[in-house]
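# Overview (structure and organization)
Residues per chain, in single letters:
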Amino acid sequence: MSSADDFDGMSEPAYAAPLDDRRWRQRRRWMLATIGLIALLILINLWARMWLDSLWFASVGFGTVFRVEQTTKTLLFGSGFLLTALPVWWSMRLAYRRRPIEAPASAELDSMERYRAVVEPFRRVAFRLVPGLFGLFGASVATTQWQTALLWRNGGSFGFTDPEFHRDLGFYVFTLPWLQFLTTFATLALVLTLIAAVITQYIYGGLSLSREPGQRFTTVARVQLSVTGAILVLVRGAAWWLQRYELTTKDGSLITGIDYTAAHAEIPTKAVMALAAVVCAGLFLATLWSRTWRLPIVGVASLVVCSIVLGAIYPAVVQGRARGAEERYEAPYVARNITATRAAYGLAGMTTTQASSWTATPTRDGLRGDQATVSGIPLLDPTLTEGTFSDQQKVGGFEFSTLTAGRYAVDGSLQPMVLGVRGVDVANIPADQRGWDGMHSVWTHGYGVVSADATTRTAAGDPVYESVGVPPRGVPQPTQPRIYFGKGIPSYAVVGGLAAHEQDPGAGRTTYSGKAGVPLDASLRRLAYAVKYRESNFLSSSVSNDKAKVLEVRDPVDRVRKVAPWLTTDSTPYPIVAGGRIVWVVDGYTTTARYPYAQTVAFGDAASTSVTPAGDRGVDPGSSVNYVRNAVKATVDGYDGTVRLYAWDGEDPILKAWQRAFPGTVEPASAIPADVLPQLRYPGDLFAIQQQVLTMYHNTDPKAFIAGSDVWSVPADPIRGNGRPAPATYVATPGPQGGAPEWSLVSTFVPRGAKQNLVATLRVDADPGGDPQQVRDAYGRLHLTVLPQGSDSYGPQQFQGAVNGSTATAPAFKQTLSQYLTGNAAKLVRGTIVTVPAGGGLLYVEPLYLRSKGTALRQTAVVVGFGKTVAWGDTLDAALNALFGGSSGVKASDAGASTPGASPAPPPASTPSPQLKAAVAEVKKYFDQAQAAMKKGDWDAYGKAQENLRKAIDRLVKLGGVAR
């Protein structure tokens, strides 16, 4: 007999009360119609999203991701539904079918008969609906674990074992989370089954608390509940056993992982609890013969007592023994934690140098030998000068969506630059074009790049632009300047439907011809998009025709997250120009919180600085991790949206697992194009996390670690004053043994507490090199320089305090530095402090800007510091000379770019040659041409003038007139 027959064919009990069948049938029809309509709407919405998602994944070449993800979710949904609904259904069915024909007499009989009469008309529905609802709940829980399931299925070995249980680390990262989910899910299903059994038995007389002892449970009820209870207790026993392994990542008061208390108290007690659960399950089964619940009650009570005594009191006693003697008891476990933490965060290969020859006093010619380093010091702050770019390089309807620091080849050498890309300026789009058609089929894309030399400025304090105009001219110069995938553009666009319909700068119009997008070549697709976006224009607008395509998921980070949902992304995607296209680079991380003994951190909080907020990484800012690798470098083509994932850390076991799960989606690093590789860099979020970890884990001596006498902090940003860590900066740093400078990411440490003097510097080689077959060996190598004990060099906050009160003078200004800051406080903007290892010590560089009309900033001065000395000038070159006794020994890139209104420099000692005079005049001519073209908005002429100006400056440099 089928399950349906079991219910439908059952005879109605004698206590069923009649109802008005006609009224009931009418009410049921309305109820079913309403439920059916709601279900239909939900199904249509799900269908539209699922189908369009499949089309989108196919259009970007990542159909494997969609198929694997949806197949896994479907299997988990079905399994979760069946493993929850079937036990509940069976439990209710058994309780009903084996109900007593005549319930034993009890004080509850009359009231229960009336209650049964009320619920009886709904019984058939309830016996299907309750298991179904519980099943849907279980299915939804199971579906959330699709990534856990894939990692378990595809995980491998780390090649290392933990020191306590001697299991491969892959067991903890890949297998243990799945086993723990299974025990948790089984507990959920069994608890729901037990609840359903108790309620059904109570309703239909299988149990009654008012009966005489020995008669409160029927035999069927006792067997059903005791067997279910025994299985539940066994599952909890398995969970206790697995919790032993979970202690390897437990956060304690001192470390993450197994400490003295866990090793000597918690591990043994959890094993005892697991064995006690087996005994307790046996006591539940003994009820089948004893016909009494005394033994299970004793067993459960014993488990509760054991969990209190063994799980709380005994560990507290053991911990008390170790308290006050941590160096004796905890040192071996702290040593494990230090080793694992440094390995998990990529710190194991870090070079630590005790700077015994650290220089804290500037001397004349103190930077001699650091010419290449000083020439690359960035003065143009991309976090502040977006308004300057917008005011000076804005094109109607387009606005700069992001500015980033990078390097681009100028005359064969890489030059530090600030690059800006234009998105859509929604606020200034004509009002009559802000409807659906204007926002989604006219203003569909950003346009062009503007770059500026990061190391210098014009005499007026403006950026020295290297690439400008429409279309862009200079360095870099994309041949396809349109940006359909980037920042600051509408979430989706309908393109290609009408010729010359999409807005370019000025009065220009274009039609998208790239390969991206889902074609709207069928009415059903247009209907699906109308449902997805709740937008009828997909069905009625003339732009939504058979030639049109829909561009979706246009933010580069969102695009990478969608094709690689297993990645955590860096907060700062950055644009480059490669292959004539504007390309976005997104750094992707593999993470876990399951690496044994490694210290946990909150990813978003640890990675955040004063300029990169805690969010925007695809994870909860408070989400804990204790292992991170920059496993993937991803690129997104700004025109056709092509996403490419490259295995940057091909040895990462987690990346290997995901490659097995999604075969063919990640390419080897050797496939990175030759013009992309040199523009890649070390990711800022990873560096920030490593820096936070090193505040404790620079110390490798367990006893010193326990004492906590040498704890550092990442200095708070003294410029922005928001309490967040100061951002690291990309600069050229001296190479090892006086070699060529290395492009590095640099930051500092200060002691934790009130004292804010400099105690160490950290830098990482950020240059991957230009060989697509081999990334530079030095890339990613961390260098920690620890200052001598007693060194009193300023930390960033002390430097800023000294700047605020400085009485230093500069030839170009009539005031002292503090007077200048105070007198211009209303319009003064301070740039990010740049830290540069140079001169045997650390050089601080702080550009100063004055706000001009609009949102533009003009750089007017530079403040520098070394050790405990502060100086300033109208240029970096002048400030360095003032700092180092009148001569720094080098020429900065902004030498000669004096501030208007500054005191004139003394005349040269010798008369310049006619060639030098002609070269200077030529520079002035092209500079004036560029300024005039910029005022007119003639960007084509401006670009030509800038190109001529750059060549003229190069000729002047060769004649010895100025250092570039």
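Residues numbered from 1 in each chain as written. Predicted model: local features only at pLDDT ≥ 70, side-chain atom pairs only at ≥ 80, totals over all residues. Heavy atoms only, no water.

### A look at the environment of lysine 925
Test applied: Secondary structure is summarised from DSSP: a helix means a run of H or I of at least four residues, a strand means a run of E of at least two, and numbering begins at the N terminus for each. When accessible area is computed with a 1.4 Å probe and restricted to protein chains, residues below 20% of their type maximum are described as buried, those above 50% as exposed, and intermediate ones as partly exposed.
Within the fold, lysine 925 resides in helix H26 (residues 914-936). Taking the relative accessible area as the measure of exposure, lysine 925 reaches 42% and is therefore partly exposed. In this structure the C-alpha to C-alpha distance between lysine 925 and asparagine 948, which are 23 residues apart in sequence, comes to 9.7 Å.

### Regarding the nonpolar core
The condition is simple: Here the nonpolar core consists of buried residues drawn from Ala, Val, Leu, Ile, Met, Phe, Trp, Tyr and Cys, with membership extended through side-chain atoms lying within 4.5 Å. In this description, contact between two residues means that some pair of their heavy atoms is separated by no more than 4.5 Å.
Counting residues in each nonpolar core, the largest one holds 146 residues, and the members touching the most others are Val494, Phe538, Trp566, Leu645, Phe662 and Phe749. If we ignore the near neighbours within four places in the chain, the residues touching tryptophan 566 are Gln147, Tyr589, Thr590, Val632, Leu655, Trp658, Phe662 and Val666. Formed by 26 residues, the second largest nonpolar core is a distinct cluster that contains Ala355, Ile719, Ala802 and Ala810.

### A word on the pairing of strand S29 (residues 841-851)
Under the convention used in this document: When DSSP finds at least two bridges between two strands, those strands are taken to pair.
With respect to burial, S29 is a largely interior element, 10 of its 11 residues being buried. Of the strand pairs in this sheet, strand S27 (residues 828-830) and S29 are connected by three bridges, and their pairing is antiparallel. Its bridge partner lying in S29, valine 829 is registered against tyrosine 849. Linkage of strand S28 (residues 834-838) to S29, two consecutive antiparallel strands, is achieved through a turn of two residues, within which glycine 839 is found at a positive phi near 65°. Summarising the sheet, S29 and strand S30 (residues 857-866) pair through nine bridges and their orientation is antiparallel. Pairing of proline 847 across the sheet is with valine 862, part of S30. Once S29 ends, the chain turns through five residues before running back antiparallel as S30, passing glycine 854 with a positive phi of about 70°.

### Re the sheet that holds strand S3 (residues 413-424)
Applicable threshold: Only the stretch in contact is used when a helix axis is fitted, and all axes are lines through C-alpha atoms; the angle between N-to-C directions ranges over 0 to 180 degrees.
The strand order across the open sheet built from five strands is S2-S3-S5-S6-S7, with neighbouring strands paired in antiparallel fashion. Both edges of this open sheet fall to strand S2 (398-410) and strand S7 (473-474), since each of them pairs with a single strand only. As paired elements, strand S6 (residues 464-468) and S7 share two bridges and run antiparallel to each other. Counterpart to valine 468 in the pairing with S7 is arginine 473. Strands S2, S3, strand S5 (449-453) and S6 of the sheet are contacted by helix H14 (residues 386-393), whose axis makes an angle of about 100° with S2.

### Structural notes on the UniProt feature "transmembrane region" (unreviewed entry) in the protein
How we decide: UniProt positions are given in the numbering used here, feature names are shortened, and annotations may be inferred rather than shown by experiment.
Using the residue numbers shown here, the UniProt feature "transmembrane region" (unreviewed entry) corresponds to residues 30-52, 72-90, 125-146, 178-204, 225-242, 271-290 and 297-317. Counting secondary structure, residues 72-90 comes out at 100% helix and 0% strand; the distance between its end C-alpha atoms is 27 Å. Segment residues 297-317 splits into 100% helix and 0% strand. End C-alpha atoms: 28 Å apart.

### Points about the packing of helix H9 (residues 260-290) against helix H10 (residues 294-322)
To keep things clear, this is the line we draw: Under this scheme an angle from 65 to 115 degrees is roughly perpendicular, one under 35 degrees roughly parallel, and one over 145 degrees roughly antiparallel; angles in between are oblique.
Close contact between H9 and H10 brings their axes to 9 Å; oriented N to C, the two are set at 175°. Taken together, H9 and H10 sit at an angle that is classed as roughly antiparallel.

### With respect to the sheet that holds strand S9 (residues 493-495)
With respect to topology, three strands assemble into an open sheet ordered S9-S13-S12, the strand pairing being antiparallel. Each edge of the sheet is formed by a strand with only one pairing partner; in this case those strands are S9 and strand S12 (518-519). Looking at chain direction, S9 and strand S13 (residues 549-551) are connected through three bridges and run antiparallel. Among the inter-strand pairings, alanine 493 is bridged to a residue of S13, identified as leucine 551.

### A look at unusual backbone geometry
Between valine 470 and proline 471 the backbone carries a cis peptide bond, its omega angle lying at -5°. Along the chain, proline 471 turns up in the loop between S6 and S7. The phi angle at aspartate 365 is positive, at roughly 60°, despite the residue not being glycine. Accessibility expressed as a relative area gives 25% for aspartate 365, which makes it partly exposed.

### Brief notes about the side chain of threonine 835
Relative to the helices and strands, threonine 835 is located in strand S28. For threonine 835, a relative accessible area of 7% gives the class buried. Not counting residues up to four positions away in its chain, the partners in contact with threonine 835 are Thr729, Val731, Val746, Ser747, Thr748, Leu842, Leu843 and Tyr844.

### Thoughts on the packing of aromatic side chains
The line we're drawing: Pairing of aromatic rings covers Phe, Tyr and the six-membered ring of Trp, with a centre-to-centre limit of 6.5 Å; geometry is then stacked below 30 degrees between planes, edge-to-face above 60, and tilted otherwise. Only lysine NZ and arginine CZ atoms are considered, and such an atom sits over a ring when it is within 6 Å of the ring centre and within 35 degrees of the ring normal.
As enumerated under the stated definition, the model contains 43 aromatic pairs in all. Ring geometry for tryptophan 56 versus phenylalanine 57: centroids 5.1 Å apart, planes at 85°, classification edge-to-face. Grouping residues by exposure puts tryptophan 56 and phenylalanine 57 together as buried. On the basis of an interplanar angle of 40° and a centroid distance of 5.6 Å, the ring pair of phenylalanine 57 and phenylalanine 66 is categorised as tilted. A relative accessible area of 3% means that phenylalanine 57 is categorised as buried. Accessibility expressed as a relative area gives 13% for phenylalanine 66, which makes it buried. Linked through ring pairs, Trp436, Tyr492, Tyr529, Tyr533 and Phe538 together constitute an aromatic cluster. Directly above the aromatic system of tryptophan 56 lies the positively charged group of lysine 562, at a separation of 5.6 Å from the ring centroid.

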